[in-house]
Structures are given as structure tokens and as C-alpha cells.
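# Close look at the chain arrangement
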Amino acid sequence: MATNDETEPRRPKPVFWVASSRRDLKKFPKCVRQTVGQALFDAQTGGKHPDAKPLKGFQGAGVLEVVEDDDGSTYRAVYTVKFAGTVYVLHAFQKKSKSGRKTPTEEIQKVKARLKEAEKHHAEWAENRRGKIKAATKEPVLVEQGSGNVFADSIFQS
């Protein structure tokens, strides 16, 4: 029986939450969490949510942001799909309007630092999956693997 890539369900990629991104996202209003959750699910399954746009200052479309407004406030979630077979949620924050639509420099710096953490984590994760298990590092864990259900991880309070 031939398979059709268009009709075969894709196995979702694992989602990793960097630093406080999961806790921060859970503080957002429910409608914002639903939009971000759908965008992350789309990324897990190889798609791209209509509200996901490349974050300026990062080459290519590997670092994406979802911007959602609710009750006069703007919320942003930043994630990356640039590492094979995974999605990393780098940052989630409420935009404080100091510079118009532009993302504040301190938030961009946080994304850059967390992207480096994700890159380091992904290299170790990929080696472990290939059976090249390294000794555990003594550094604190800054990346947490999601449950596999991005909606439970992002929308529902725990």
C-alpha cells in the first residue's frame, strides 16, 4: 500500500522549554496560550502557524515569534525549529510598550542567550539519541522536555 505524505499523520517533534519559558507562558491569558499552543503544535508537526513570523535580527526563518494581543496588552512567544527533529521554546513575555512594535533589546539578548543554551542542549540530546551517552554535566538544567502534549504544557494550568 502506498502512503501519501499529505494524508499520513506526522509524529510530533519533542518540545523543549528553555529556562522560564513554560512558566512565563502559563501566566498569559487563556486565549493567548491557545494561540501559542496551536503555533507550537503546528511546529511540532512540521507546519507553520499563520501568526508565526521570523523574529527580526535572526537570519532565516529558524527563530519564530507569535504575537498576540489581549485586553490592550501584547504577548510574545519565541521558539526555534532550526535544530533537527525538535522545537525549542526560547522565551515568552508580555511586551511593555517602550519602543513601539520593536522587540526591546533586553528581550532579544535573552532570546540569543537561550538559543545558545538550546543549541548546546540539542547537541547533547542528539548524541544521547545516537547512543553516545556522555557523563552528566554539573551545570544546572536550563532546558526541560515537554510532556509530548503541547496543549497540556502551555494552555492548562498545573
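In this report, the structure presented in the accompanying data block is examined.

Conventions we followed
- Residues numbered from 1 in each chain as written.
- Predicted model: local features only at pLDDT ≥ 70, side-chain atom pairs only at ≥ 80, totals over all residues.
- Heavy atoms only, no water.
- Salt bridge = Lys/Arg side-chain N within 4 Å of Asp/Glu carboxyl O.
- Helix = DSSP H or I, 4+ residues; strand = E, 2+ residues; numbered from the N terminus.
- Buried < 20%, exposed > 50% of the residue type's maximum accessible area, 1.4 Å probe, protein only.
- Polar contact = N/O pair within 3.5 Å; in protein donor to acceptor, adjacent residues only side chain to side chain.
- Contact = heavy atoms within 4.5 Å.
- Expected span 1.5 Å × (residues − 1).
- Pairing = 2+ DSSP bridges.

A separate point is the pattern of salt bridges. Tallying each qualifying case throughout the model produces three salt bridges. With its nearest N and O atoms 2.9 Å apart, the salt bridge here joins Arg 22 to Glu 144. Linking Arg 22 in helix 1 (residues 21-26) with Glu 144 in strand 6 (residues 143-145), this pair joins segments that are 122 residues apart in sequence. Note on Arg 22: relative accessible area 19%, which makes it buried.

Relative to the assigned elements, Thr 80 resides in strand 4 (residues 73-80). Given a relative accessible area of 0%, Thr 80 falls into the buried group. Of note is the side chain of Thr 80, whose polar atom sits 2.6 Å from the backbone oxygen of Gly 62. Other than its neighbours up to four places away in sequence, Thr 80 contacts Gly 62, Val 63, Thr 86, Val 87, Tyr 88, Leu 90 and Leu 115.

Between its terminal C-alpha atoms helix 2 (residues 30-44) stretches 20 Å, which fits the 21 Å expected from 15 residues at 1.5 Å a residue. Among all positions of helix 2, only Val 32, Arg 33, Thr 35, Val 36, Gly 37, Ala 39, Leu 40, Asp 42, Ala 43 and Gln 44 are buried. Backbone geometry just after helix 2 places Gly 46 at a positive phi near 90°.

With three bridges joining them, strand 2 (residues 52-54) and strand 3 (residues 63-70) adopt antiparallel strand pairing. Among the inter-strand pairings, Ala 52 is bridged to a residue of strand 3, identified as Val 66. In this sheet, strand 4 lies alongside strand 3 in antiparallel orientation, the contact comprising eight bridges. Each residue of the ladder has a partner; that of Asp 70, found in strand 4, is Ser 73. The turn joining strand 3 and strand 4, which pair antiparallel and follow one another in sequence, is formed by two residues; a positive phi near 50° is taken by Asp 71.

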